[in-house]
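# Structural characterization, general
Below, each chain spelled out in residue letters.
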Amino acid sequence: MVDNGDGTGTLTHTQYQVAANWNTGVAISVLQAADVNADGTPDLWTVLPNGTYRAYLISGLSSSGTATVTATRAQPLA
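Note that the coordinates shown come from a computational prediction; the quantities given were computed from them, not determined experimentally.

### Observations concerning unusual backbone geometry
Although it is not a glycine, Ala 38 adopts a positive phi angle of roughly 55°. Position of Ala 38 relative to the elements: it lies in the loop between strand 3 (30-34) and strand 4 (43-47). Residue classification places Ala 38 among the exposed residues on the basis of a relative accessible area of 67%.

Right, dumping it as structure tokens:
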């Protein structure tokens, strides 16, 4: 974020293609981006309608290709 000096700010971002046709046909109740494994790269965090959650760890972000997505084991919400 950049402070504009007038009480407002400007956010910038870089867009990356993470995957093509990721989780096609899967119902997802919640999808959030967070650095789940503390490696400095945003990962995906999902909650499914059946009450389970799963993290998808992202690595190899590139402006010229897709990243690597590694699914963790689904676990029930406590």
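### So, the packing of aromatic side chains
Applying the stated rule across the entire model yields one aromatic pair. A ring pair is formed by Trp 45 and Tyr 53, whose centres lie 4.9 Å apart and whose planes are at 20°; its orientation type is stacked. By relative accessible area, which is 28% here, Trp 45 ends up partly exposed.

### Observations regarding the side chain of Thr 52
With respect to the helices and strands, Thr 52 occurs in strand 5 (residues 52-59). Looking at Thr 52, the relative accessible area reads 17%, which means it is buried. In terms of polar contacts, Thr 52 uses its side chain to reach the side chain of Asn 50, at 2.7 Å. Among residues more than four places away in sequence, those in contact with Thr 52 are Thr 46, Val 47, Ala 74, Gln 75, Pro 76 and Leu 77.

### Some remarks on the pairing of strand 4
With four of five residues buried, strand 4 lies mostly within the body of the structure. Note: strand 3 against strand 4, five bridges, orientation antiparallel. Residue Val 30 lies in a different strand from strand 4, and its bridge partner there is Val 47. Bridge count for strand 4 against strand 5 is four bridges, and the pairing is antiparallel. Following the sheet pairing, Trp 45 is matched in strand 5 by Ala 55. In this antiparallel pair of consecutive strands, strand 4 and strand 5, the connection spans four residues, and Gly 51 shows a positive phi of 85°.

### Notes on the environment of Gln 32
For Gln 32, the location among the structural elements is in strand 3. The class of Gln 32 is partly exposed, set by a relative accessible area of 46%. Residues Gln 32 and Asp 43, spaced 11 residues apart in sequence, show a C-alpha to C-alpha distance of 8.3 Å. Aside from chain neighbours lying at most four places away, what touches Gln 32 is Asp 43, Leu 44 and Trp 45.

Cut-offs used in this document
- Residues numbered from 1 in each chain as written.
- Predicted model: local features only at pLDDT ≥ 70, side-chain atom pairs only at ≥ 80, totals over all residues.
- Heavy atoms only, no water.
- Helix = DSSP H or I, 4+ residues; strand = E, 2+ residues; numbered from the N terminus.
- Buried < 20%, exposed > 50% of the residue type's maximum accessible area, 1.4 Å probe, protein only.
- Phe/Tyr/Trp six-rings, centres within 6.5 Å; stacked < 30°, edge-to-face > 60°.
- Polar contact = N/O pair within 3.5 Å; in protein donor to acceptor, adjacent residues only side chain to side chain.
- Contact = heavy atoms within 4.5 Å.
- Pairing = 2+ DSSP bridges.

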